[in-house]
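# Fold and geometry: a report
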Amino acid sequence: MSASNYATERETTEGRVFNVTGGDWDDVVSGVDPINEGRIVVNMGPQHPSTHGVLRLVLELEGETVREARSVVGYLHTGIEKNLEYRNWVQGSTFVTRMDYLSPIFNETAYALAVEKLLGITDEVTERANTIRVLMMELNRISSHLVWVATTAMELGAINMMLYGFREREYILEIFELITGLRMNHAYVRPGGVAQDVPDEAIVKIRDFLKLLPKRLKEYEDLLSGQPIWLERTREVAVLDVTGCVALGVTGPVLRSAGLAWDLRKTMPYCGYETYEFDVPTHADGDVWGRYLVRMAEMRESLKLIEQAVDRLKPGPVMVADKKIAWPAQLAIGVDGMGNSLEHVAKIMGQSMESLIHHFKLVTEGFRVPPGQVYVAVESPRGELGVHAVSDGGTRPYRVHYREPSFVNLQALPAMAEGGLIADVIAGGASLDPVMGGCDR
C-alpha cells in the first residue's frame, strides 16, 4: 500500500495499524501565501455552532469569498457496520437505528427489508406490519424535517423557529414512546414485521397531531416565507442544478428542489407505498429557498400518508407467522411503559418448556439467513438510503454496508460553496441536511 498523508501505517503482531492524522492540513496551508495572494486557509468546525461539533470544513478564502472548500468527516465515527458482523440478524436493528439518529425508523426499515429479501419472505410480511411501517416512517420524516427547519432557521438567525420546530417534534417523540417504549433508537422495525403492535392511545394522539400540525406549518410559513432576511439568505444561494445533483449522486429533497421528481416511494415502491395517494413536491431553482419549500411541502404530503395509514390499520398480526423467525410470544410494553408486559412474560415462561427453549435460542443465537447478497433502498428524509447486505448462511451478517445519503450529498458542498460568500457556506451546508451519525457510521 502506498504511503498516505491521511494515515501513516506500521506493522504489528496484530497486523497493520493505521495512524489517522485528521487530514493534510499542513500541506494545504503551506500551499497558500497569505501576504502575496491575499488568501487565507481557515477551519470552519468541528468546533463551530453551525457544524454542530461533528463536521469540519477547510476553507480557502479570498476576503469573504470561498475559493476552495473541503469537507473533512469522521468526527462521529462509530463503526456500526463492522459491529453488525458480531451480532445476530435481529440484534442488527439495535445498531442501525443509531446511525442517522434523526431518522432511525428508516435505518431499521431498510435493514429489515434487506434481511427479508435474503430470507425470501418479503410477500409474507403482514398488511398491518407494512401499514405500521409506513405510518412510522412518515411520522419520522416529519420529525426529521422539523429538526431541519428548526436548526437551519437558527443558524440563519431565526431563533424563534428553532423553539417551535422542536416543540412539534417533541409531540412526535411522545407518539414514538407510546408505540415503541423509546423516544429515539427504537429497534422497532425488525426482520419479519415490527416488534410490537400500536396501542389505541397512540392512534388517538396521532389523530390529534394530524389536526395540529397543518396550523403550525402555516405559522412557520407566516414567520419565514415573507421575512426579508430569510429571503435574502436563501434565494439564489448555494445553487445546485439537476445536472450537478445527478453527477454527484445527490438525492432526496435537494434533487427534487432542482426539478427532478425522483422519489423511491413512487419510482421503486416498497411497503405498499404504491397503494397510497400522495404527490412528490418539486421546485425549479435548486437553491436553499427551493429546498425549504420542498421540505415544507413534504411534511404536508406525509400528513396525507399518515391519515391514510391510520384509516387502513385493520386488526391482525404484526409479525410473520414463521416460528423460525418470529419470537413465540408477541412483545408488549408493560404498564410502567418500560419493561415487557406480564402477559408477554407469562406466555414465554408458562406455555411449555419447548417454547421457552425455542424463544431462548431465537433471542440468543438468532435465525439463519440463506447465503446471498441484496441491495434494498428506501426514501429517507435525506434521499436514497440503501442497504447492501451479504449473508454466508449463518446467524450473523457477513457484511452490511449502507449507501447513506448524508455522506453522498455532502460531497456537493464544495460545488455549492466555492465562489460564494463564507456566510452562504452555512446556509448551503444546512440545506443539504447532513446528519453526521449516518455519514460517519
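This text gives an overview of the structure that appears in the document. (Residues numbered from 1 in each chain as written. Predicted model: local features only at pLDDT ≥ 70, side-chain atom pairs only at ≥ 80, totals over all residues. Heavy atoms only, no water.)

The end-to-end C-alpha distance of helix 8 (residues 200–224), which contains 25 residues, comes to 36 Å, matching closely the 36 Å that a straight helix rising 1.5 Å per residue would cover. Along helix 8, the helix axis deviates most sharply at Leu-212, where the bend reaches about 30°; the proline Pro-214 sits within four residues downstream. Within helix 8, burial applies to Ala-202, Ile-203, Lys-205, Ile-206, Phe-209, Leu-210, Leu-212, Leu-213, Leu-217, Tyr-220 and Leu-224. Along its buried surface, helix 8 packs onto helix 6 (127–155), helix 7 (159–180), helix 9 (228–234) and helix 13 (288–312). (Helix = DSSP H or I, 4+ residues; strand = E, 2+ residues; numbered from the N terminus. Expected span 1.5 Å × (residues − 1). Bend = angle between axes of the 7 residues up to and from the residue. Buried < 20%, exposed > 50% of the residue type's maximum accessible area, 1.4 Å probe, protein only. Contact = heavy atoms within 4.5 Å.)

Time to look at the pattern of salt bridges. Evaluation of the coordinates by the stated rule reveals 27 salt bridges. Between Arg-207 and Asp-311 there is a salt bridge whose closest N-O contact spans 3.2 Å. Taken as a pair, Arg-207 in helix 8 and Asp-311 in helix 13 lie far apart in primary sequence, 104 residues in all. When its relative accessible area of 35% is taken as the criterion, Arg-207 is described as partly exposed. A relative accessible area of 51% places Asp-311 in the exposed class. Across the pair Arg-300 and Glu-221 runs a salt bridge whose closest N-O atoms are separated by 3.0 Å. With Arg-300 in helix 13 and Glu-221 in helix 8, this residue pair connects regions lying 79 residues apart in the sequence. Through salt bridges with shared partners, a single network forms among Glu-138, Arg-141, Arg-256, Asp-263, Arg-265, Glu-298 and Glu-379. (Salt bridge = Lys/Arg side-chain N within 4 Å of Asp/Glu carboxyl O.)

To continue, consider the packing of aromatic side chains. Scanning the model with the defined rule gives six aromatic pairs in all. A centroid spacing of 5.3 Å and a plane angle of 75° characterise the contact between Trp-230 and Tyr-292, whose relative ring orientation is edge-to-face. Here the residue Trp-230 occupies a position in helix 9, and Tyr-292 occupies one in helix 13, the gap between them amounting to 62 residues. Among the aromatic residues, those joined into a ring-pair cluster are Tyr-270, Tyr-273, Tyr-276 and Phe-278. A cation sits over an aromatic face here: Arg-235 above Trp-289, 4.8 Å from the ring centre. (Phe/Tyr/Trp six-rings, centres within 6.5 Å; stacked < 30°, edge-to-face > 60°. Lys NZ or Arg CZ within 6 Å of the ring centre and 35° of its normal.)

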